[in-house]
Amino acid sequence: MTQRHFIFLCLLPLAIFTLAFLAIPLGRLILASRESEAGWGIYLQILQTPRYLSTLVQTVAVSLAVTVAALAISTTAGLFLVRNRFAGRNALLSILTLPLAFPGVVVGFMIILLGGRQGLVNQLLPGHWVFAYSIFGLFLGYLYFSIPRVLLTVMAAAEKIDPALEEAARTLGASPWRIVTDVLLPALAPALIAAGAIAFATAMGAFGTAFTLATDIDVLPMVIYTEFTLSANIAMASALSVVLGVVTWAMLLIARSFSGSAVAAGG
Amino acid sequence: MTLTLRNIAKTFPGGTTALRPTDLEIAKGEILSLLGPSGCGKSTLLRIIAGLETPDPGASIIFDGEDVTQQSVERRKIGMVFQSYALFPNMSVRGNIGYGLKMQKLPKAEIAARVAEVIDLCRLGHYADRAITALSGGQRQRVALARAMAPRPRVLLLDEPLSALDAALRGQLRDELALLLRQFGITAIFVTHDQDEAMAIADRVAVMSQGAVAQIGTPEALYRNPATSFVARFVGDAMPLEGQVEGAHLQLLGGILRLPKVAGGQQVLVRAEDVRIDPQGPLTARVETVTFLGTHYRISLAGVMTGPLFALHSGLSAPRPGDEVRLSIPPEALLVLPREVAA
Amino acid sequence: MRHLSRHIPLLVTLLACAFLLIPIIQSILAGLTVNYFRGLSSGLTLKWIGQVWELYADSIFLSIKLALACLAGTLIIGVPAAYVLARNPGRATRMLEEFISLPLAIPGLALALALLQLFGSFHGFRTSWTFILVGHILYTLPFMVRSVVSVLAAIDLKTLEEGAASLGAGPARRFIDVVVPNAMPGILAGALTVVTLSIGEFNLTWMLHTPHLKTLPVGLADSYASMRLEVASAYTLVFFVMIVPLLMAMQWASARAQRIMK
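Residues numbered from 1 in each chain as written. Chains lettered and ligands numbered in written order. Predicted model: local features only at pLDDT ≥ 70, side-chain atom pairs only at ≥ 80, totals over all residues. Heavy atoms only, no water.

Section: the overall build of chain A
Okay, so step 1: Each helix and strand in chain A was counted, giving twelve helices and zero strands.
Okay, so step 2: The N-to-C order of helical and strand elements in chain A reads α-α-α-α-α-α-α-α-α-α-α-α.
Okay, so step 3: Projected onto the principal axes, the alpha-carbon positions of chain A cover approximately 75 × 70 × 35 Å.
Okay, so step 4: Taken over 267 residues, chain A has a buried fraction of 53%.
Okay, so step 5: Accessible surface for chain A amounts to roughly 11,500 Å². Of this, 69% is attributable to carbon and sulfur atoms.
Okay, so step 6: The average position of the 13 basic charges and that of the 10 acidic charges among the side chains of chain A differ by 7 Å. (Helix = DSSP H or I, 4+ residues; strand = E, 2+ residues; numbered from the N terminus. Buried < 20%, exposed > 50% of the residue type's maximum accessible area, 1.4 Å probe, protein only. Areas by Shrake-Rupley, 256 points an atom, 1.4 Å probe, with all protein chains shown as cover. Lys, Arg positive; Asp, Glu negative; His and termini not counted. Charge placed at Lys NZ, Arg CZ, Asp CG, Glu CD.)

As C-alpha cells, this is what we get:
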C-alpha cells in the first residue's frame, strides 16, 4: 500500500459521513427554504413580516446583553483568578466551569429553581417574584452557560500575558487601575473579541434553555421550532434556520480569526 | 555495499533547483561525507538516497547492482540517523532499537539477541529499558545509531547527527562515532556542515556548493589541492589575497609575493597558518588585534590588502597591537585557483 | 473607599459562583427532600431517585449506549482524518477542517432540521437510534478531530514517520506504531469530550428522537414539563452524578494533553 492509498483510506470514512449527513442535508435545507410560493423571496419576507422581524431584533438584543454581561463578569473573575493564588481558588474555578457540560434544558431548570413559582427568590422575598419565564429569565439562563465559556477563553489569554509587562508599568508609576486599562485589557482584546463572539453565537442559537422556560418570548430558535412542528411551515423554518446558521457561523469565524480555538457552542 | 548514483537532480515544485545532476560512486565499506553550507543540496541528496525525496526523472540509484530508484523508503533496507534523532517517544530504548527487526518479522528470540548485541556495542546497557525522554542528548544520539544499525542495513545514512549536541559533547562523540562506524564496517554517507566533523569521520569528502559537488576526495587531498576557491575557503578557511597578479608575482598593498606558478585571471588564497611573522619577509603589516587561543595566537593584520589578513602565530610571545611587523608566505603555500562564478 | 474597590473583583467572582452554584445545590436538595416546599424539615428520602429509576432507567441506558457508539464512530472517522489534517497542513486541509467544524457553528436545531428533511422519509432509519447517533457524531466529531490534530501538530510527526519508514515500516504500520501512540493524549481528551457532550446533547436529539427513544436530556425536558419538582430535581441529580466526573476527567485530560504538547 502506498502513502497515497493510505491517505485516501484515512479520509474515506470522513468523506462518506460528512457528505451523507452534513453536505447533502445542508444543501437540502437551503433548497427547502425556497419551496414556498415566495421562492428565494422568503428571505425578504422575514424582514417584511413584523413577527419574524421583531423575533430577530429580540434575539439579537438578548444575545448582545448576555455577551456584554458575560464579558464583564468573566473578565473580572478571570483576571482575579489568574492574578491571585489562595486557598479555595481551585474550588471557585471548578464551580465557574461546572456548567460547561450542562445541556440547555438543565440550565433552564436552574433558572426555574431560582426564579420560578416555587423558586428561591419567590420564597425568600415578600411579594410575587417570578421572573424565570420572562425575558429576564431567558437572559439569566443564557448568562448561566456563557460565563464558563468566556471565563476559560479569558483566563487562557490572561495566563499568556508576560508578567514583566505589568511589572514594567509599575516601575513607570502606573496605578493598579491604569495597569488594567493600559496593559491588561489591550493585551486581552483579541481574546475578549473572540469570547464575545462565541457568547453571542451561542446565545443566538440556544434552544434548550428557551424550550424549558417555555415562555411566549419569541426568540429565533423557538420560532423555528414552532414553525416546523406546529405550523408545518417547512420553507419558513428552513429559511430562518439558514439565517440563524449563517449568523452564528460568521460570528464563530470572527472568534477564530482572533484566537486560535473556540470553546464549543451548545446551550 | 557499493552505491552508484547517476544523474540525480531535484527541482522543487516552486521551480527552485535544489540539486543539479549529480553522479557519485561509493565503495563498499566506505564512509563518505557530504560537506557544505546550508542550502547546498547535501541533505536533499541524502534524502533522495534514502527514498524520502523523489529525484527528477532520469535518475538512477543503484545498490550493489540493484536499481532501487522506484523503491519506497521502507523497502530500501537503509539505516538512517536523523538530525533530531526521530526516536519514538512511545517506546523504550529497547523498543526503538528492536523496531526495525520487528518490521522484518524476525522471531522474538532473534530480535532480543540482536538488540542485546547492538546495545552492547553502543554501550547502552544501563539505559536499555529507559524511556527516551529520560536520556541525555549524547545517549539519544547513540540510541539513534543503534536503532539504524540493528536491522543490518545495506547503507547507513546520517543527517547532521551531531548538530543537536552542545559543542563540548560534539567533539567527544565525533571521535566515538568515527570509531563505531569503522567497527560496524558499513558503507555510510554522512551529511554535515562542519569541516572538522567531515575530516574526522569520513574516508572521502564531497564538498557541495549551490546544488552540485564542487570536489570529491580524501580530506588530505581536499586540504592540500582544493580544486576551486570555494573548496579552499570551506575546507581549511583559506583567505583570498586581493591584489594585482603580474606573471608569477602578486602585487599587494604591503609588498610583492612570489607565486608558485604563472597565474592569469586566477585568485590567490592563503591559510592563516601559512602566514608567518618573519623579520626578513617581503610584506609589511600593522598588528590590529591579538587573540590568545592557548596553543597559539590569532593575529589580525592590516596594511597587506584592503581587508584584514589573519596569521596563526605560535611561540612564547606575540607582537602587540599597533606594532609594525614583516611577513612572509612560502610560495608553495599559496593556492592559485579559478575564480568563483556566481550561479 | 479605596479599600472597598480592591475587593470588587473578589466580590464579582463570589457572586458569579453563587449564581451558578445555588440552583445546583437547590436541585440536589430538592431531589433528596420529602417535600421541597416544606423544606428540609420534611426529611430526606431516596424515594424520588427510585421513581426516576423506574420512569427513566431506559433513557439513561440509551444515553450511555449512544455515547459509547458515538465515541466509536468519532474514533473511526476522526482519528485517521486528524492524522491526514496534521500531516498535510495547507489551504485544502484548513478548508476541510472548517467544513467538518460547521456543526459547532450551526445551531443543533438547524442541523436537525436539515437531517429530518433529507432522511424523514427513510422510515426505518428515521425511527431507529442510529438516526440520533448520526446527529451526535456530527456534533462531537470536530472536538475529536481538533483534539488529535493539536497534539499531532505539536510533535515532529513527519520526522518520526520518516524514522519508522527508514526501518521498514509501511504507511499502515507507521499509523499504528507511531501516530496513534503519540496522539494518545489528544485521543483521550477528545474521547472524554465526546462522551461528555453526547450524554448532555439536547438540541439535536430533541428534534431527532421518537417517543420510544428518549435520551437522558430528552427525559429531563420531559420531567421538567410534566413531573413534580422533586422528581425533576432527582433526575437532574442523577444527571449531575454522571456528568460531573466526566467533565472533571475531560478537563484533566485536556490539561494533560496541553502539558505534553509543551
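Regarding the interface of chain C and chain A
Okay, so step 1: Taken together, the contact between chain C and chain A spans 76 residues of the former and 75 residues of the latter.
Okay, so step 2: Roughly 6,900 Å² is buried in total at the junction of chain C and chain A, and carbon and sulfur atoms are behind 80% of that figure.
Okay, so step 3: Area buried by chain C at its contact with chain A is led by Phe 19, Leu 20 and Gln 117 of chain C, which between them contribute 10% of it.
Okay, so step 4: Our enumeration of links across chain C and chain A arrives at eight residue pairs in polar contact (both at pLDDT 80 or more).
Okay, so step 5: In terms of residue count, the dominant contributor to the side of chain C that touches chain A is helix α2 (residues 8–32) of chain C (15 residues). (Contact = heavy atoms within 4.5 Å. Buried area = accessible area lost by both parts, 1.4 Å probe. Polar contact = N/O pair within 3.5 Å; in protein donor to acceptor, adjacent residues only side chain to side chain.)

So, the pairing of strand β19 (residues 309–313) of chain B
Residue and element names in this part refer to chain B.
Okay, so step 1: Alternating positions in β19 separate cleanly, Leu 309, Ala 311 and His 313 being buried on one face and Phe 310 and Leu 312 remaining unburied on the opposite face.
Okay, so step 2: Both strand β18 (residues 297–302) and β19 contribute to a ladder of five bridges, which runs antiparallel. Following the sheet pairing, Tyr 297 is matched in β19 by His 313.
Okay, so step 3: Taking the residues that link successive antiparallel strands as the turn, the β18-β19 hairpin has six residues, and the phi of Gly 303 there is positive, at about 100 degrees. (Pairing = 2+ DSSP bridges.)

Quick notes on helix α2 (residues 93–103) of chain B
Okay, so step 1: Most of α2 of chain B is tucked away, with eight of its eleven residues classed as buried.
Okay, so step 2: In the core, the buried residues of α2 of chain B are packed alongside α3 (108–121) and α4 (137–149) of chain B together with α9 (157–166) and α10 (171–200) of chain C.
Okay, so step 3: One or two residues past the end of α2 of chain B sits Lys 105 of chain B, with phi positive at roughly 60 degrees.

What to know about the domain arrangement of chain A
Okay, so step 1: Domains assigned within chain A are domain 1 (1–32) and domain 2 (42–258).
Okay, so step 2: Look at where the C-alpha atoms of domain 1 of chain A and domain 2 of chain A centre, and you get two points 33 Å apart. (Domains from an automatic or database assignment.)

A closer look at the pattern of salt bridges
Okay, so step 1: Using the criterion set out here, one finds 27 salt bridges over all chains in the structure.
Okay, so step 2: The partner of Glu 166 of chain A in a salt bridge is Arg 83 of chain A, and the shortest N-O contact between them spans 2.7 Å. Of the two residues, Glu 166 of chain A sits in helix α8 (residues 163–171) while Arg 83 of chain A sits in helix α3 (residues 50–83), which places them 83 residues apart along the sequence.
Okay, so step 3: The salt bridge partner of Glu 53 of chain B is Arg 47 of chain B, with a shortest N-O separation of 3.2 Å.
Okay, so step 4: Given the relative accessible area of 13%, Arg 47 of chain B is considered buried.
Okay, so step 5: Here the residues in one salt-bridge network are Arg 47 and Glu 53 of chain B together with Lys 158 and Glu 162 of chain C, joined through shared partners. (Salt bridge = Lys/Arg side-chain N within 4 Å of Asp/Glu carboxyl O.)

Examining the sheet that holds strand β16 (residues 276–277) of chain B
Okay, so step 1: On the basis of which strands lie adjacent, the open sheet formed by five strands has the order β16-β20-β17-β18-β19 (chain B) and antiparallel pairing. Strands at the two margins of the open sheet, each flanked by one partner only, are β16 and β19 of chain B.

Section: the arrangement of the chains
Okay, so step 1: There are two pairs of chains in contact here; the most contacts are made by chains A and C.
Okay, so step 2: Where chain A comes nearest to chain B, the C-alpha atoms are still 8 Å apart, and the two do not contact one another.

Observations regarding the packing of aromatic side chains
Centre-to-centre distance and the angle between the planes together describe a pair of aromatic rings.
Okay, so step 1: Inspection of the entire model under this criterion finds 31 aromatic pairs over all chains.
Okay, so step 2: Here Phe 21 of chain A and Phe 125 of chain C contribute two aromatic rings whose centre-to-centre distance is 6.1 Å and whose plane-to-plane angle is 40 degrees, an arrangement assigned as tilted. Residue Phe 21 of chain A is found in helix α1 (residues 3–32), and its partner Phe 125 of chain C is found in helix α7 (residues 123–126); the two belong to separate chains.
Okay, so step 3: The interplanar angle of 45 degrees and the centroid separation of 5.0 Å between the aromatic rings of Phe 292 of chain B and Tyr 297 of chain B together place this pair among those described as tilted. (Phe/Tyr/Trp six-rings, centres within 6.5 Å; stacked < 30°, edge-to-face > 60°.)

Points about the sheet that holds strand β7 (residues 155–159) of chain B
For sheets, the rule is that strands pair by backbone hydrogen bonds, running either parallel or antiparallel.
Residues and elements named next belong to chain B.
Okay, so step 1: Ordered by their spatial adjacency, six strands build an open sheet running β6-β7-β8-β3-β9-β10, and the pairing between neighbours is mixed. Looking at the sheet topology across the chains shown, the edges are occupied by β6 (78–81) and β10 (212–217). Looking at each pair of strands side by side, their axes are set apart by 20 degrees on average, direction ignored. (Axes fitted to C-alpha atoms, helices over the stretch in contact; angles between N-to-C directions.)

As for the UniProt feature "domain: ABC transporter" (unreviewed entry) in chain B
Okay, so step 1: Mapped onto this numbering, the UniProt entry annotates "domain: ABC transporter" (unreviewed entry) at residues 3–235 of chain B.
Okay, so step 2: The straight-line gap between the two end C-alpha atoms of residues 3–235 of chain B is 25 Å; of that span, 36% is helix and 24% is strand. (UniProt positions renumbered as here; feature names shortened; annotations may be inferred.)

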